[in-house]
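Descriptive analysis of the structure
Each chain is listed here by its residues.
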Amino acid sequence: MTTRLTFDGWILGLGTVSGTRVVVGHWPRSPLGPISDVMVQRPGGSRVLLAPGPEVADFVGATYTFDEVRIVPVTVARPDDRTWSVQAGPLDLRTRTGPRPVLGRLLHAVPARLARRPAWIGLLDLPARVTTGLRTTGSAGNGRTEWYGVQDLHALVEVDARWDGEPLGALTPVRPPVTFGFGSVPPRPSVVRVTTTVQLP
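Everything in this summary refers to the structure shown in the same document. Predicted model only: the values in this text are computed from it and were never measured.

Counting through the fold element by element, Thr20 comes out in the loop between strand S1 (3-16) and strand S2 (21-29). Accessibility expressed as a relative area gives 1% for Thr20, which makes it buried. Filtering out sequence-adjacent residues up to four positions away, Thr20 remains in contact with Leu14, Gly15, Val40, Gln41, Arg42, Pro43 and Leu168.

Right under this line is the structure:
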């Protein structure tokens, strides 16, 4: 018997001049309730999970790989349609989105019900790898399988981010790619509307 769990929300990914890369998961609907978590990869490569509680830390930590896990309050707010504000322990981040790029318009044109289906997502895996270098489905930690059903995408155009009060610098591509697990984020800083399905063995 296998179990499939669905997390419905947004993933925000960006790089900074300092070399710190940030991936925020904001899930208003999930099996764990409304939650947000933050994955950070520091310039030296250290991978840090900022989770709002032990249950989220255990689940995310069993799906991805981290060098450090911190239980801290995680707050994600959207003061307006273009602004995202994230506070999570040492991280204080505020970023703004721009218009949809061509890829965002294409993703937005697919009916959401179809875009969320694992069978459809599996069909997109090879084209996604060829065109963007990203994967839409694959094996995660502890024998888990994931499907990323992306339904929309907006580019990020500016950021003000600090780690322990120190500025992380201007927005840059997510380079080198983050190494939390098989999944990644687009090289161009962006926020995607996504339904993530996780199959437990």
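With that out of the way, let us pick up the nonpolar core. The biggest cluster of nonpolar side chains holds 27 residues, and the ones touching the most others in it are Ile11 and Met39. Looking at this core, the elements that each hand over two or more residues are S1, S2, strand S3 (35-41), strand S4 (47-51), helix H1 (54-63), strand S10 (145-163) and strand S13 (190-200). Among all residues touching Ile11, those that are not within four sequence positions of it are Val23, Val24, Trp27, Tyr148, Val185, Ser190, Val191, Val192, Val194 and Thr196. Core analysis: the second largest hydrophobic core is formed by 22 residues, Leu14, Val22, Leu156 and Ala161 among them.

So, on to the pattern of salt bridges. All told, the structure shown has 7 salt bridges when counted by the stated rule. Ionic pairing is found between Asp160 and Arg162, a salt bridge with its closest N-O pair at 3.7 Å. Taking relative accessible area as the criterion, Asp160 reaches 43% and is therefore assigned partly exposed. Assessed through its relative accessible area of 34%, Arg162 is described here as partly exposed. Overlapping salt bridges, with partners in common, bring together Asp8, Arg29 and Arg193 in one network.

Our next topic: unusual backbone geometry. For the peptide bond that leads from Arg175 to Pro176, omega is -5°, which places it in the cis range. With respect to the element layout, Pro176 can be found in the loop between strand S12 (171-172) and S13. Positive phi, close to 55°, is recorded for Asn142, a residue that is not glycine. Asn142 sits in the exposed class, given a relative accessible area of 59%. Positive phi values are uncommon outside glycine, yet Asp164 reaches one of about 50°. Within the element layout of this structure, Asp164 appears in the loop between S10 and strand S11 (166-167). In this structure Asp164 comes out as exposed when scored by relative accessible area, which is 56%.

Attention now moves to H1. If you check which residues of H1 are buried, you get Val56, Ala57, Phe59, Val60, Ala62 and Thr63. Where the residues of H1 are buried, they touch S1, S3, S4, strand S5 (68-71), S10 and S13.

Turning to the packing of aromatic side chains, a few remarks are in order. The description of two aromatic rings rests on the distance between their centres and on the angle between their planes. Applying the stated rule across the entire model yields 4 aromatic pairs. Judged by centre distance (6.2 Å) and plane angle (75°), the ring pair of Phe7 and Trp27 falls under edge-to-face. With Phe7 in strand S1 and Trp27 in strand S2, this pair connects stretches of sequence that are 20 residues apart. Of the two residues, Phe7 and Trp27, both sit in the buried class. Taken together, a centroid distance of 5.6 Å and an interplanar angle of 35° make the contact between Phe66 and Phe180 tilted. Of this pair, Phe66 sits in the loop between H1 and S5 while Phe180 sits in the loop between S12 and S13, placing them 114 residues apart in sequence. An aromatic cluster is built from Phe7, Trp27 and Phe59, whose rings are joined through pairwise contacts. In this arrangement the basic side chain of Arg78 is found over the ring face of Trp10, its NZ or CZ atom lying 5.7 Å from the centre. Across the ring face of Trp10, the terminal group of Arg193 is positioned such that the distance to the ring centre comes to 5.1 Å.

Conventions used here
Residues numbered from 1 in each chain as written. Predicted model: local features only at pLDDT ≥ 70, side-chain atom pairs only at ≥ 80, totals over all residues. Heavy atoms only, no water. Helix = DSSP H or I, 4+ residues; strand = E, 2+ residues; numbered from the N terminus. Buried < 20%, exposed > 50% of the residue type's maximum accessible area, 1.4 Å probe, protein only. Contact = heavy atoms within 4.5 Å. Core = buried A, V, L, I, M, F, W, Y, C linked by side-chain atoms within 4.5 Å. Salt bridge = Lys/Arg side-chain N within 4 Å of Asp/Glu carboxyl O. Phe/Tyr/Trp six-rings, centres within 6.5 Å; stacked < 30°, edge-to-face > 60°. Lys NZ or Arg CZ within 6 Å of the ring centre and 35° of its normal.

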